[in-house]
Each structure stands twice: as C-alpha cells, then as structure tokens.
Amino acid sequence: MPESFVRRFLQTLVLLMPFVGISGQTPREDIRKNIRCSASNYMAYPGPVQHRLTPPPSGKNPFYISHYGRHGSRHHIKNITYNIPYDILSAADSAGKLTPLGHDVLQRLIAIRSEADNRNGELTSLGARQHREIARRMMQRFPEVFADNAVVDAKSTTVLRCLLSMENALLEIKAVNPKLRIYHDASYHDMYYMNQQDKKLIAQKMDSATQARYDEYAQKREINSRLVSELFSDTAYARQNVDAGKLNYYLFKVASNVQSMDLRRKITLYDIFNTEEAYRNWQKENAWWYIAYGGSTINGGKQPFTQRNLLRRIIADADSCIALEYPCAQLRYGHETMVMPLVCLMDINGYGIATDDLESLEQRGWVNYKIFPMAANIQMVFYRRDPADTDVLFKILLNENEATLPLPSDMAPYYKWSDFRSYFLRKLDSYEE
C-alpha cells in the first residue's frame, strides 16, 4: 500500500474511531467532528447516546416490547455503485491521466469492490454484531420482559439481510435466556405491513414538479471541481471524459459505506473529501429523504402514510399482547424505507414536520442520520402494575434513546397507551386512499 495513503489514513483515523454518540449541535458541526454522520442511511449504527433511562412511575413494570428495526450494516445493493467510479478512474489510468492520488484512490476502489464482490445488499459482519448488541441491551434494560419462559415473536421481511439481522438478534436472546419461547418467521404473508408498497404514493413521491424543486435545491450544493483536479492530471481530458457530478456522487456513496465493511480498519475514502464537500453531499441526501419519505408538502405531505398498515398492525398487536397475563416481545426486522416514514407518521421527536421549505430542514431539526442509521430501531416499552392493571403506560425509544410523541403527558417520556391508540387510530382513519 502506498506510503502516501498510509499517512493520509492515519491523519483521518480519528474520524473513523467508534462513534459513541451524536451531539446536539448542527449537522455541519457534527460532520466536522465525525464525517461518518454525512453518510445518511449508510451511517453505521452509533449505539445509544442515553445510557441511564428515566425510571417508570412507582409500581409500574415493563411487560411488553413492540419493536421495528432496520437491518444492520450491509454492502451496497447494486454493482453500479462501485463500477461507475471504478470505470471512470480505470479508463483515465489507462490513458495516463490520473494524478498519484487518483491512482491511489483507484487501488482502494479495487480492494473495496473485491470485498463486496457477489455480496450485493448482504449483511456485513458488523451488521450482524449490531443486532446482537441491540438485543443484549434490550434484555439488560428490560429484564422483566425476557424473564423465565416469556414469549418472543419475531418477524422479518423476506430479504436476506433482514432475516439474518433477526436471526442474529434471536441467537443473542436465546444465549442469554435459553428458556424463552421463541417464534420466528419471514413470509410474504406479512409483507403487506412489514414492507408495504403503495403504488399511488410511490408515483407521487418524486413527480416532475417535485423533481424540479429538488434539483433546484441540489444544484446550489454542487461542489465537484476540486475533487476532479485532485484526481486527474489532464484538465482537458477530465472536461471531455468525466461527468464530475456523477463521479462525486458515486465516490461519496462508496466512501460512506466503507464504515460498514471489514475493510473499514484498513481503508477510507473520506480523506478525498473536505468537510464542506461532505456536508453538501449530506444536505442533498437529507432533502431527498425528506421529500421521499417525510412530510414534505411539495409532493402532498402523505408519504409517511406508506406505513399505515404497519402502524395499524403495531396497535392491534399491542392490544392483543396487553390482554396476555405473561410478558412478551414482538420484534420486526425490515428496512430504512419503513423506519423513516414510520418515525414521521408517528411524529417521533417532531420528525413529522410538514413543510415545502427544504432550506429550513436543518434549523427545524430534521436530520436523517439521527433517524435511520444502519440497524435503526423503534422500541415501544409497555408498563403496568400487574395483568389486572388497565392503566397501561409506555415509552418510545428511537435508536435506544428515549423520544417524544405528539401527545400530552405529565410523566414524559411515559405516555398512556389509551391516548396513543386513540390519537393514531384517528390519524390513520383520516387518510383517504
């Protein structure tokens, strides 16, 4: 490996240290301190920031957990993500048009492609570990739910990375308490709510008018010339043969996901981007995800309702489990395209905001890497005194941190289940397909 790369890697190593939390600062400051935040949905799971949870009201004990989680860290889904930057740099290398840095980056791309070869969309070893650790913390925090021979019912979408995320979590749970009664399934029978695909809303997601608004926002944040000049030795060649915007886009996607690969301890591509470039790339992705899955009124403000079947099922399942006399947990494993709109539909931490002003997203706290990193999860933890107690309380955790809901409560982060149920069933009933 070139000495120049080793030097740059050591200089950027601090940016790749295990991330113990996300600050309450602005995204620009977060990215300056930890460039991994710029990865949006490719950010590897950082773990909980909150380590001491708020005690429940006196006499109330946890008895049920309802969970929906994204699969853990994965490889990119399509070869094109690796091939486009590789092909551009490889052609330039054959023509003798790369700088030493450009050649160095090409060698790193070759190593990254090699590790990801024939692993499109597959769970990485880090992704498996993330779900084992999340499951272990869940049991440590709420041991009453997983005591003795309690029931754990787990479901996954039919996608392999989700199924393996579920199995890794269950292996950890079973190792801690072998007496648990564990049931698990991954079937098309459940995909109507586990991975709902609403063709009408999907068609509205990025119609021509919405695309034009997004393109206007993104164009203001294009910043590609420096990267091209760093990688290519011949400006005329680069001008004629290199789509700078496309190269930046795909190189940044590859750079963002290295943190989820086994190679993350040896290779980085973040050193070829400065903080401003990383920040602007993140801004474009943040706005895109808000339009596509958030409450953006540019395309009608209805995209969170793509998860209406999931929320109805969560409510119905909770009602069923509350009626039981024994503790249980329901664990569901899916995708960021379910977690993101579900968070917005439930307006967790105010992420349900509805606006057409993309410039205001950061100021209003809509920050995607705080919602759906790899292995993102929502946990609803239910409390009561005993099975006869009808005054059921619950709290919600987003990525294992206590979160807020748009409900009145004099004991936050705890809420009355009856209030949640009434509020969100009315909201769901108000939606017209």
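Here goes a summary of the coordinates provided. Owing to the predicted nature of the structure, the values given are computational and were not obtained by experimental measurement.

**Observations concerning the overall build of the protein chain**
Argument step 1. Summing up its helical and strand segments, the protein chain has 16 helices and eight strands in all.
Argument step 2. In terms of overall size, the protein chain behaves like a compact globule, its C-alpha atoms giving a radius of gyration of 23 Å where 433 residues would be expected to give roughly 22 Å.
Argument step 3. For the protein chain, the spread of C-alpha atoms along the principal axes amounts to about 75 × 45 × 40 Å.
Argument step 4. Of all 433 residues assigned to the protein chain, the portion counted as buried reaches 55%.

**Some thoughts on the side chain of Asn248**
Argument step 1. Summarising the element assignment, Asn248 is placed in helix H12 (residues 244-257).
Argument step 2. On the basis of relative accessibility, which here comes to 2%, the residue Asn248 falls in the buried class.

**Some thoughts on helix H3 (residues 80-94)**
Argument step 1. Its 15 residues place the ends of H3 20 Å apart at the C-alpha level, agreeing with the 21 Å of an ideal helix rising 1.5 Å per residue.
Argument step 2. Residues of H3 that are buried: Thr81, Tyr82, Ile84, Pro85, Ile88, Leu89 and Ala92.
Argument step 3. The inward-facing, buried residues of H3 contact helix H4 (100-116), helix H10 (225-231), helix H11 (235-241) and H12.
Argument step 4. Just past H3, the residue Gly96 takes up positive phi, approximately 70°.

**A short note on the packing of H3 against H4**
Argument step 1. One can describe the packing of H3 onto H4 by two numbers: an axis separation of 10 Å at closest approach and a directional angle of 140°. Comparing their axes, H4 and H3 come out oblique. Where H3 crosses over H4, the handedness of that crossing is left-handed. Here Tyr82, Asn83, Pro85, Tyr86, Leu89, Ser90 and Asp93 of H3 come into contact with H4, specifically with Gly102, His103, Val105, Leu106, Leu109, Ile110, Ile112, Arg113 and Ala116.
Argument step 2. For the contact of H3 with H4, the residue count by class is 10 nonpolar, four polar and two charged.

**Re the layout of surface pockets**
With a probe scaled to a water molecule rolled over the atoms, the places where space remains empty come into view.
Argument step 1. In this structure, the largest pocket encloses a volume near 920 Å³.
Argument step 2. Taken together, 35 residues line the largest pocket, and the ones lying closest to its centre are Tyr42, Tyr249, Lys253, Glu285 and Trp288.
Argument step 3. Listed by contribution, the elements that provide at least two residues to the lining of the largest pocket are H3, helix H9 (208-219), H12, helix H13 (275-293) and helix H15 (336-345).
Argument step 4. Ranked by residues supplied to the lining of the largest pocket, first place goes to H12 with eight residues.

**Here's the deal with the packing of aromatic side chains**
Argument step 1. A full pass over the atoms with the stated rule returns 22 aromatic pairs.
Argument step 2. With a centroid separation of 5.6 Å and 85° between ring planes, the pair formed by Phe394 and Trp417 is classed as edge-to-face. Of this pair, Phe394 sits in strand E6 (residues 393-398) while Trp417 is found in helix H16 (residues 417-429), placing the two residues 23 residues apart along the sequence.
Argument step 3. Residue classification places Phe394 among the buried positions, given a relative accessible area of 0%.
Argument step 4. In textbook terms, an aromatic cluster arises when at least three aromatic residues are bridged by ring pairs, as seen for Tyr64, Phe382, Phe394, Tyr415, Trp417, Phe420, Tyr423 and Phe424.

**Concerning the nonpolar core**
Side chains of a nonpolar character, in soluble globular proteins, are inclined to be buried together.
Argument step 1. If you look at the biggest cluster of nonpolar residues, it comprises 59 residues, and the most contacted ones within it are Trp366, Phe382, Trp417 and Phe420.
Argument step 2. Not counting residues within four places of it along the chain, the set of residues in contact with Trp366 comprises Asn286, Trp289, Tyr290, Gly294, Met340, Cys344, Tyr351, Ile353, Leu361 and Ile371.

**Regarding the environment of Ser165**
Argument step 1. Within the secondary structure layout, Ser165 lies in helix H6 (residues 160-176).
Argument step 2. Given the relative accessible area of 0%, Ser165 is considered buried.
Argument step 3. With near-sequence residues (within four places) excluded, Ser165 lies in contact with His71, Gly72, Leu123, His131 and Tyr333.

**What to know about unusual backbone geometry**
Argument step 1. The linkage connecting Ala412 with the following residue, Pro413, adopts the cis geometry, with an omega of 15°.
Argument step 2. Within the fold, Pro413 resides in the loop between strand E7 (401-402) and strand E8 (414-416).
Argument step 3. In this structure, Asp347 takes a positive phi of about 55° despite not being glycine.
Argument step 4. Note on placement: Asp347 falls in the loop between H15 and strand E5 (377-384).
Argument step 5. Overall, Asp347 belongs to the partly exposed group, its relative accessible area being 22%.
Argument step 6. One non-glycine residue with positive phi stands out, namely Ala375, at about 70°.

**Here's the deal with the packing of helix H5 (residues 125-141) against H6**
Argument step 1. One can describe the packing of H5 onto H6 by two numbers: an axis separation of 8 Å at closest approach and a directional angle of 40°. Classed by the angle they form, the pair H5 and H6 counts as oblique. For the element pair H5 and H6, the recorded crossing hand is right-handed. Note on element contacts: H6 touches H5 through Ser165, Asn168, Ala169, Glu172, Ile173 and Val176, opposite Ala128, His131, Arg132, Ala135, Arg136 and Met139.
Argument step 2. Split by residue class, the contact of H5 with H6 holds six nonpolar, three polar and three charged.

**Quick word on the environment of Met338**
Argument step 1. Turning to its location among the elements, Met338 is positioned in helix H15.
Argument step 2. It is 7.9 Å that separates the C-alpha atoms of Met338 and Met194, two residues lying 144 residues apart in sequence.
Argument step 3. In this structure Met338 touches Tyr68, Met194, Asn195, Gln196, Gln197 and Gln307, once residues within four positions along its chain are discounted.

**Describing the pairing of strand E1 (residues 61-70)**
Argument step 1. The element E1 is largely enclosed, with a buried count of nine among its 10 residues.
Argument step 2. Note: E1 against E5, eight bridges, orientation antiparallel. Directly across from Asn61, in E5, lies its bridge partner Arg384.
Argument step 3. Bridge analysis of E1 against strand E4 (residues 328-334) gives seven bridges, and the strand direction is parallel.

Criteria and thresholds
- Residues numbered from 1 in each chain as written.
- Predicted model: local features only at pLDDT ≥ 70, side-chain atom pairs only at ≥ 80, totals over all residues.
- Heavy atoms only, no water.
- Helix = DSSP H or I, 4+ residues; strand = E, 2+ residues; numbered from the N terminus.
- Rg over C-alpha atoms; globule rule 2.2 N^0.38 Å.
- Buried < 20%, exposed > 50% of the residue type's maximum accessible area, 1.4 Å probe, protein only.
- Expected span 1.5 Å × (residues − 1).
- Contact = heavy atoms within 4.5 Å.
- Axes fitted to C-alpha atoms, helices over the stretch in contact; angles between N-to-C directions.
- Parallel < 35°, antiparallel > 145°, perpendicular 65-115°, else oblique.
- Left-handed = near helix turned anticlockwise from the far one by under 90°.
- Nonpolar A, V, L, I, M, F, W, Y, C, P; charged D, E, K, R; others polar.
- 1 Å grid on protein atoms, 1.4 Å probe; cavity = no way out; pocket = protein on both sides within 12 Å on 5 of 7 lines; lining within 4 Å.
- Points joined across faces, edges and corners; volume = space filled by probe spheres on them.
- Phe/Tyr/Trp six-rings, centres within 6.5 Å; stacked < 30°, edge-to-face > 60°.
- Core = buried A, V, L, I, M, F, W, Y, C linked by side-chain atoms within 4.5 Å.
- Pairing = 2+ DSSP bridges.

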